Structures are given as structure tokens and as C-alpha cells.
Amino acid sequence: MLGLRPMIRLAKVRKRYRTARPDELALRDVDLEIATGELAAIVGTSGSGKTTLLNLIGGLDRNYEGRVEVDGRDLGGMSDRDLARFRNLHIGFVFQQFGLLEHLSAVENVMLPSHFVRGDSPVSDARARAVEALTALGLGHKVDEKPRNLSGGQKQRVAIARALFFKPKLLLCDEPTGSLDSTTGRQIIETFQALNAEGYTVVIITHEQRVSDAARRVIHIEDGRIVDPGRTN
Ligand SMILES: Nc1ncnc2c1ncn2[C@@H]1O[C@H](COP(=O)(O)OP(=O)(O)OP(=O)(O)O)[C@@H](O)[C@H]1O
Ligand SMILES: [Mg+2]
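Starting afresh in each chain, residues are numbered from 1 along the sequence in its written order. Just so you know, chain letters begin at A and ligand numbers begin at 1, following the order they were written in. Residue-level local features of this predicted model are given only where pLDDT is at least 70; pairs of side-chain atoms are given and counted only at 80 or more, and the full residue set underlies all totals for whole chains, interfaces and linings.

### Details of helix α1 (residues 50-57)
Inference 1: Our exposure labels follow a C-beta count within 10 Å of each residue's own C-beta, placed from the backbone: buried means 20 or more other C-beta atoms, exposed means 12 or fewer, and partly exposed covers the counts in between. In DSSP terms, a helix is any run of H or I states spanning at least four residues, a strand is any run of E spanning at least two, and both are numbered starting from the N terminus. For α1, the tally of buried residues reaches six of eight residues, placing the bulk of the element in the interior.
Inference 2: Turning to α1, its buried residues are Lys50, Thr52, Leu53, Leu54, Leu56 and Ile57.
Inference 3: Two residues or fewer after α1 comes Gly59, characterised by a positive phi angle close to 70°.

Laid out in C-alpha cells, this is it:
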């Protein structure tokens, strides 16, 4: 693990939402490194800045001061178009509410990222790849089901399969077990541990002790500051 360049590097990152008071910062001079291959949890009270931090790392929000690098690329230096492409190919997102499109089947949801590659040749084997990803997550028998016919845990595995479609370098997860019962949540966490063992770098925001216990590193954030960067590998 040591010696690899960091997957994530933030330097002096400061974020203020447009509607906030001048002194009200969502992130206050955050410096943070997460190495390639880590499984890190981010914990902190509600409103402490966790989602804000993940959105900046994921290139979903460009309105900040300081520097955000992912896999050695300075996100702030990319055009909107390059950033969108980088995000689609190299970063997988998993959210509490799954974010599936209800009118599409499981396999069509997983194939969605293939529709957003602009300027590249179309992904010809998208369906086969999506079926493979679903099968690897134990959903080979549900590929043609709509999300409404799936359990919460199954929906989250569809969302994970979609996040993995392009085999990204990095998986960013915001409360991925927040809508699941404890048994299902445990299975999802085991899925993230297995993906991490395969080499994916995984960052998980969580309120749950059980989830942070499963991470090898726990980063504590309070009031927009990293108050404990956790143990690095
Ligand atoms: N779109 C927004 N516009 C203005 N302020 C925002 C916006 N999103 C978040 N904030 C503020 O920024 C701060 C950090 O919010 P953030 O959503 O990052 O917290 P969080 O740690 O993810 O909380 P939770 O655990 O409740 O999800 C809070 O004070 C919040 O009110
Ligand atoms: Mg949040």
C-alpha cells in the first residue's frame, strides 16, 4: 500500500455555499490524503460536511477553494466536459436512496453509464457487461426486473453494479446502508470489503458504528474540519 500515489489528495479545501453567511463554511481548510487501495469511512454528526466533502472528491461540485486531486488529476483544472468524462469512467457513486430509474430494468440501470460516453466509440458489449456485473453481485436471476420488484438490498446491489460498470478506480458511497435493515446492511458492507480486496479504493460516509468498524481507516469530520484523519495504512 505504501509508496503508491494517493488516490485522493485535498489541500486547503474550503467550501462555502452561496446561500450561507460569509463566515459559515461547510469545509474549513481541509487537508486529506487517501491512499490507493484504502477502505475508509468518513464519520461525523449531521451537518458536519461529509456529503459536501464527498461531492467535491467526486467532482460533483466545482465551487470551492483549494485543490482536489483524484488519482493524480487536479479536478479543478479540468473542463466541465473532461470532468464529466473522468467522473463517468473513473468514479463510482452509491447513495442511500439507490438512485435507480424506476422505468428501467436492473440491467438497463446498470448500463446507464455507457450512454454517457461522448466522443468515444459506443460500448458495444454493454448489456453483457451489465449482466456480468449483476451476476457477480448475486443478481443474475433479476436482470430484467424493475426496481419496484426488488428488495432494498437488491436495489443497492444494482446501484453498486452500475457504479462498477466501467471498473472505476474509486467508489464513493454516501450512507449506502442508511435505508437497509441491519442484516442487509451487513451484506452490503461485506460487498464493499470484497471489492476493496479486489483493489477498489472505497470511501464510505456512515452514521453506523458497524460500518465504520468494517473500514480500515475512520476519518472524523466536525464542523467542516477533519478532527481525526484516522490511521493510514
Ligand atoms: N446545497 C446547500 N446549500 C446551502 N447549504 C448547504 C447545502 N448543502 C449543505 N449545506 C450546509 O453545509 C453544511 C454541511 O452539510 P453536509 O450536507 O455536507 O453535511 P453532512 O455531514 O453530510 O450531514 P448529514 O449527516 O445530515 O447528511 C451544513 O451546515 C448544511 O446545512
Ligand atoms: Mg450527508
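### Side note on the sheet that holds strand β2 (residues 27-35)
Inference 1: Taken together, four strands build an open sheet; the order of strands is β2-β1-β4-β5 and the sheet is antiparallel. At either margin of the open sheet sits one strand with a lone partner, and together these are β2 and β5 (73-74).
Inference 2: Strands are treated as partners if at least two bridges between them are detected by DSSP. Direction of pairing for strand β1 (residues 6-15) relative to strand β4 (residues 65-70): antiparallel, over a ladder of five bridges. By the bridge assignment for β4, Leu10 is matched with Val68.
Inference 3: Contacting β1, β2 and β4, α1 crosses the sheet at an angle of about 120° to β1. A residue pair is marked as a contact if its C-beta atoms, positioned from the backbone, fall within 7 Å. All axes here are fitted lines through C-alpha atoms, helices being fitted over the stretch that makes contact, and every angle between N-to-C directions spans 0 to 180 degrees.

### Comments concerning unusual backbone geometry
Inference 1: If you check the backbone angles, Asp29 has positive phi at about 45° while not being a glycine.
Inference 2: Within the secondary structure, Asp29 sits in strand β2.
Inference 3: Of note, Lys167 is a non-glycine position whose phi angle comes to about 50°, a positive value.
Inference 4: Here Lys167 lies in the loop between α5 (152-163) and β7 (170-174).

### Focus on the pairing of strand β10 (residues 225-228)
Inference 1: In this sheet, β10 lies alongside strand β9 (residues 217-222) in antiparallel orientation, the contact comprising three bridges. By the bridge assignment, Ile221 is partnered in β10 with Ile226.
Inference 2: Hairpin connection of β9 to β10: two residues between the antiparallel strands, including Asp223 at a positive phi of 50°.

### Side note on the nonpolar core
Inference 1: By definition, a nonpolar core groups buried Ala, Val, Leu, Ile, Met, Phe, Trp, Tyr and Cys residues that are joined through C-beta atoms within 7 Å. Of all hydrophobic cores here, the largest spans 64 residues; its most connected members are Val110 and Leu134.
Inference 2: For Val110, the residues in contact, after removing those within four places along its chain, are Ala130, Ala133, Leu134, Val158, Ala161, Arg162 and Phe165.

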